[in-house]
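The residues making up each chain are set out below.
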Amino acid sequence: AFLILQQLVKEYPNDDGVRLEIGKIHYINGNYSEAKRNLELIKDRSNYQITLLLIKTYKFLKEPFPSLDILKNLVEEYPQEDDVRLELGKVYYLNGDYIKAKENLETLKNKKDYQVDFLLAKTYKSLGNSFSSLKKSFKPDKILLFVIYTAEKININVAIKEIVLY
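Residues numbered from 1 in each chain as written. Predicted model: local features only at pLDDT ≥ 70, side-chain atom pairs only at ≥ 80, totals over all residues. Heavy atoms only, no water.

Describing the overall build of the protein chain
So, point 1. Assigned secondary structure in the protein chain consists of eleven helices and zero strands.
So, point 2. For the protein chain, the sequential pattern of α-helices and β-strands runs α-α-α-α-α-α-α-α-α-α-α.
So, point 3. Put simply, the protein chain has 166 residues, and 38% of those count as buried.
So, point 4. Long-range contacts, defined here as pairs at least 24 residues apart, represent 41% of the contacts in the protein chain between residues at least 6 apart.
So, point 5. Total accessible area on the protein chain stands at roughly 10,000 Å², and carbon and sulfur atoms take up 54% of it. (Helix = DSSP H or I, 4+ residues; strand = E, 2+ residues; numbered from the N terminus. Buried < 20%, exposed > 50% of the residue type's maximum accessible area, 1.4 Å probe, protein only. Contact = heavy atoms within 4.5 Å. Areas by Shrake-Rupley, 256 points an atom, 1.4 Å probe, with all protein chains shown as cover.)

As structure tokens, this is what we get:
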């Protein structure tokens, strides 16, 4: 498939769809420089997934990208897209703005997504929340994840017993 796409790029060098597919393949294969090069050649950025993939590519390359403002705009434009809100939460977390990370991630906390749970647990830990402070707010499985992910210094057997009694 990749060879066919490369041939299509030669035949249609200005086709955004071909560039997007080449960019995705390079991203998946860990060739982030090539992914970036192809994604940046896309002229029509109306598809939010192009922007998300470009932001992720920049993160892997450890290059600055004005992702915060772009992501805030994307959340306003696509409020129903959980992956946009998750990326915004990640950027806030990476920037050390744990309160805004928490605000964004909490809108996703009832989803069945362990990536959200993991980042939310790390955010709570960064804000100084402890196991006991979360018992009243979260379902038992989420609390257990918090304990596991943050490696809080509590006896895991005591935590499990409290969760079962919850």
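Re the layout of surface pockets
The gaps of empty space that remain are located by a probe, the size of a water molecule, rolled over the atoms.
So, point 1. Quantified by volume, the largest pocket comes out at close to 210 Å³.
So, point 2. Lining the largest pocket are 13 residues, and of these Q49, L52, L53, K56 and D83 lie nearest its centre.
So, point 3. Of all elements in the fold, only α2 (16–28), α4 (48–61) and α6 (82–94) reach the threshold of two or more residues within the lining of the largest pocket.
So, point 4. Considering only residue class, the lining of the largest pocket consists of six nonpolar, two polar and five charged.
So, point 5. Roughly 170 Å³ of internal volume is contained in the second largest pocket. (1 Å grid on protein atoms, 1.4 Å probe; cavity = no way out; pocket = protein on both sides within 12 Å on 5 of 7 lines; lining within 4 Å. Points joined across faces, edges and corners; volume = space filled by probe spheres on them. Nonpolar A, V, L, I, M, F, W, Y, C, P; charged D, E, K, R; others polar.)

Let's talk about the packing of helix α3 (residues 32–40) against α4
So, point 1. Two elements in contact, α3 and α4, have axes whose closest approach is 9 Å; the angle formed by their N-to-C orientations is 145°. For the pair α3 and α4, the sense of crossing is left-handed. In this structure, α3 contributes Y32, S33, A35, K36, L39 and E40 to the contact, and α4 contributes L53, L54, T57, Y58, F60 and L61.
So, point 2. A breakdown of the residues in the contact of α3 with α4 according to their chemical character gives eight nonpolar, two polar and two charged. (Axes fitted to C-alpha atoms, helices over the stretch in contact; angles between N-to-C directions. Left-handed = near helix turned anticlockwise from the far one by under 90°.)

Focus: the pattern of salt bridges
Should the charged atoms of two oppositely charged side chains come close, the side chains can pair.
So, point 1. In total, this model carries four salt bridges according to the counting rule given.
So, point 2. Of the charged contacts, one joins E34 and R37 as a salt bridge, the two residues approaching to 3.0 Å between their closest N and O atoms. Taken together, the residues span about one helical turn, with E34 and R37 both in helix α3 at a distance of three residues.
So, point 3. Salt bridges here are not isolated pairs; linked through shared partners, they connect K59, E87 and K90. (Salt bridge = Lys/Arg side-chain N within 4 Å of Asp/Glu carboxyl O.)

Details of the nonpolar core
So, point 1. One finds Y48, L71, L74, V84, L86 and L105 to be the most contacted residues of the largest nonpolar core, which totals 20 residues.
So, point 2. Of all elements in the fold, only α4, α5 (67–77), α6, α7 (98–106) and α8 (114–126) reach the threshold of two or more residues within this core.
So, point 3. With six residues, α6 is the single largest residue contributor to this core.
So, point 4. Beyond its immediate stretch of four places on either side in the chain, V84 contacts Y48, L52, L71, L74 and V75.
So, point 5. One finds Y32, I50, L53 and L54 within the second-largest nonpolar core, a separate group that totals ten residues. (Core = buried A, V, L, I, M, F, W, Y, C linked by side-chain atoms within 4.5 Å.)

Regarding the packing of aromatic side chains
So, point 1. Throughout the structure, instances matching the rule amount to five aromatic pairs.
So, point 2. Judged by centre distance (4.4 Å) and plane angle (0°), the ring pair of Y32 and F60 falls under stacked. Here F60 lies in helix α4 and Y32 lies in helix α3, a separation of 28 residues in the sequence.
So, point 3. Judged by centre distance (4.8 Å) and plane angle (40°), the rings of Y48 and Y78 are tilted. Linking Y48 in helix α4 with Y78 in the loop between α5 and α6, this pair joins segments that are 30 residues apart in sequence.
So, point 4. Note on Y48: relative accessible area 10%, which makes it buried.
So, point 5. Y78 sits in the buried class, given a relative accessible area of 18%.
So, point 6. Through pairs of rings, three or more aromatic residues link up here, namely Y27, Y32 and F60. (Phe/Tyr/Trp six-rings, centres within 6.5 Å; stacked < 30°, edge-to-face > 60°.)

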